[in-house]
Amino acid sequence: MELSIYTGGYVIADTVQNFMNVYYATHMNYLASDLLKKGLSPEQINKAVTIAIKVANTSGIEAHKHFLPVYSGLREGIIQDCKLSHLGYGLVLLNADPSATVVSEFQVDVLKSFIK
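These notes cover the structure that comes with them. (Residues numbered from 1 in each chain as written. Predicted model: local features only at pLDDT ≥ 70, side-chain atom pairs only at ≥ 80, totals over all residues. Heavy atoms only, no water.)

### With respect to the nonpolar core
Soluble globular proteins: nonpolar side chains tend toward being buried together. Counting residues in hydrophobic clusters, the biggest one holds 19 residues, and the most contacted among them are Leu35, Leu40, Phe67, Leu84 and Val92. Residue assignment for this core shows that the elements contributing at least two residues are helix H2 (42-58), strand E3 (77-84) and helix H3 (86-94). It is H2 that contributes the most residues to this core, 5 residues altogether. Residue contacts for Leu35: discarding those within four places in its chain leaves Leu40, Ile45, Tyr89, Val92 and Leu93. (Core = buried A, V, L, I, M, F, W, Y, C linked by side-chain atoms within 4.5 Å. Buried < 20%, exposed > 50% of the residue type's maximum accessible area, 1.4 Å probe, protein only. Helix = DSSP H or I, 4+ residues; strand = E, 2+ residues; numbered from the N terminus. Contact = heavy atoms within 4.5 Å.)

Structure below.
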């Protein structure tokens, strides 16, 4: 017989944080893997997500509200992915390799709206 670990009670702070994480995840409508279809390689996406999270943390943005590590199933199998909020997706595109058309167009569009 194996021993199971039983916790007799809930820690309210953990329960509230779990609820908030689910709430934040409902506002993350993008997947980093979506950028594969737009011409970025897995390495480029991984690098852009890493930099975007560093930018969020440096800027005082709570990264857990905009980036959530998940696993996604693709034809190639299961991959490590990241759910992104609108802000998170934008930060990834701003920090991705500009040789991809979607990235360079996004960066120019952001700059044009900033200049207006």
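### A closer look at the sheet that holds strand E1 (residues 30-31)
Strand order in the open sheet made by the 3 strands is E1-E3-E2, with antiparallel pairing throughout. Across the chains shown, the open sheet's two edge strands, defined by having one partner strand only, are E1 and strand E2 (67-74). Note that E1 and E3 share 2 bridges and pair antiparallel. Paired with Leu31 across the strands is Lys83, a residue of E3. Strands in contact with H3 are E1, E2 and E3; relative to E3, the strand with the most contacts, it is inclined by about 110°. (Pairing = 2+ DSSP bridges. Axes fitted to C-alpha atoms, helices over the stretch in contact; angles between N-to-C directions.)

### A word on the side chain of Ser33
Along the chain, Ser33 falls in the loop between E1 and H2. Residues contacting Ser33, with those up to four places away along its chain left out, are Ser72, Ile79 and Asp81.

### Section: the packing of H3 against helix H4 (residues 101-115)
At their nearest, the axes of H3 and H4 sit 9 Å apart, and the two run at 110° to each other. The orientation of H3 relative to H4 falls into the category roughly perpendicular. Of the residues in H4, those touching H3 at Gly90, Leu93 and Leu94 are Val102, Val103, Phe106, Gln107 and Val110. (Parallel < 35°, antiparallel > 145°, perpendicular 65-115°, else oblique.)

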